[in-house]
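# An overview of the molecular structure
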Amino acid sequence: MTLQELQTQVQQTRRDILRMVHTVNSGHPGGSLGCTEFLVALYGKVMDYSTDFSMDGKNEDLFFLSNGHISPVFYSVLARNGFFPVEELNTFRKLNTRLQGHPTTHEGLPGIRVASGSLGQGLSVAIGAALAKKLNNDDKLVYTLHGDGELQEGQIWEALMFAAGKNVDNLIATVDYNGRQIDGDTDHVLPLGDLKAKFEAFGWNVIDEPKGNDLEAILATLEKAKSLTGQGKPVAILLHTEMGNGVDFMMGTHAWHGKAPSDEQLENALNQNPVTELGDY
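Values in this document were obtained by computation on a predicted structure and should not be read as measured data. Per chain, residues are indexed from 1 in the order of the written sequence. Owing to the predicted nature of the model, reporting of local features is limited to residues with pLDDT of at least 70; listing and counting of side-chain atom pairs is limited to 80 or more, with chain, interface and lining totals taken over all residues. Values reported for side chains reflect all heavy atoms of the structure, with hydrogen atoms and water molecules removed beforehand.

### Points about the pairing of strand 6 (residues 205-209)
Quick note on the threshold: Whether a residue is buried, partly exposed or exposed follows from its accessible area with a 1.4 Å probe, protein chains only, as a fraction of its type maximum: under 20%, in between, or over 50%, in that order. Elements are defined by DSSP. Helices are runs of H or I of four residues or more, strands are runs of E of two residues or more, and each kind is numbered from the N terminus. Note on pairing: DSSP must find at least two bridges between two strands before they are called paired. By definition, the crossover connecting two strands over a helix is right-handed if that path, from the first strand to the second, turns clockwise as seen with the strands pointing away from the viewer.
Along strand 6, four of the five residues are buried, which leaves the element largely enclosed by surrounding structure. As paired strands, strand 6 and strand 7 (residues 235-239) are joined by five bridges and run parallel to one another. The partner of Glu 209 across the bridge, within strand 7, is Leu 239. Each parallel crossover has a hand, and the one from strand 6 via helix 9 (residues 215-228) to strand 7 is right-handed.

### Examining the pattern of salt bridges
Two side chains with opposite charge may pair up if their charged atoms get near one another. Heads up, the condition is: Should a side-chain nitrogen of Lys or Arg be within 4 Å of a carboxyl oxygen of Asp or Glu, the pair is scored as a salt bridge.
Counted under the stated rule, the structure contains 12 salt bridges. Here Glu 88 makes a salt bridge to Arg 98, at a shortest N to O gap of 2.8 Å. A residue pair is termed long-range when its members are at least 10 positions apart, and Glu 88 in the loop between helix 4 (71-80) and helix 5 (122-135) and Arg 98 in the loop between helix 4 and helix 5 qualify at 10 residues. A relative accessible area of 14% places Glu 88 in the buried class. The class of Arg 98 is partly exposed, set by a relative accessible area of 27%. For the salt bridge of Asp 138 with Lys 133, the shortest nitrogen-to-oxygen distance reads 2.8 Å. The same class applies to Asp 138 and to Lys 133, which are both buried. Taken together, the salt bridges that share partners define one network made up of Arg 180, Asp 185 and Glu 242.

### Observations concerning the packing of aromatic side chains
Filter applied, for reference: When two rings of Phe, Tyr or Trp (its six-membered ring) have centres within 6.5 Å they constitute a pair, described as stacked for plane angles under 30 degrees, edge-to-face for angles over 60, and tilted for the intermediate range. Ring-over charges, as used throughout, are those where CZ of Arg or NZ of Lys falls within 6 Å of the ring centre and within 35 degrees of the ring normal.
Enumeration over the complete set of coordinates arrives at 11 aromatic pairs. With a centroid separation of 5.4 Å and 25° between ring planes, the pair formed by Tyr 49 and Phe 83 is classed as stacked. With Tyr 49 in the loop between helix 3 (36-46) and strand 1 (62-65) and Phe 83 in the loop between helix 4 and helix 5, this pair connects stretches of sequence that are 34 residues apart. Using a relative accessible area of 9% as the deciding quantity, one classes Phe 83 as buried. Counting every residue linked through ring pairs, the aromatic cluster contains Tyr 43, Tyr 49, Phe 63, Phe 74 and Phe 83. One Lys or Arg, Lys 259, reaches over the ring of Trp 256 and ends 4.3 Å from the middle of that ring.

So, in structure tokens, the structure goes:
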């Protein structure tokens, strides 16, 4: 995709997120909006994958969403990139849907490789997939996304140590570094300290990207991360994002971590993100 095509998808994905969550009065719009540019860039420009989905993922890049509560953005990006019909977004969180509130695998939704939502587990899964690729002489990469609040989970740090200790250098882990979680600012709930220094102390190459909602910056950062793979160390991106990005009343607060907009709020938010030529589902 061109940069303009990516930007168009970002805007349409924001609309998808807002409408999905509003329809069922349930879901997580804040983090989804904050990660929209990243996931659109990853699937629209960076990763090498097939929409003829198979769970083994041989000879293609893999992505694991660890902070599974931001499923609205993940579902929208998968649908908009051809994994399943865009119209299926209308079934989000409804009875008997494949689009559960947190992604699961037993419904067979293309693009979903692991059930997620229990925070802290995704990095361990991704490490296993990355090691499998090495054993299979598969030179493709494994990507993950994590919330910064998720890094308060102990399993993450065991996985960080293991990945560096076993030279898992075909792995790129991104942290959605927005400084907020469901109970407030991460610094108030449980301070994370100097994340860059901590990742480096655990043996990772780290890229600190302050413009986590800028498509050009994200694309450049992902290319830099790819250039660091194969050098004996796993790679981490600290992506400074804004929760609720693109909707003015959802930004600057943790309040929209897991709350749906009212009818009036939805109209306001959609007016800030006019419908594109891609069209609503």
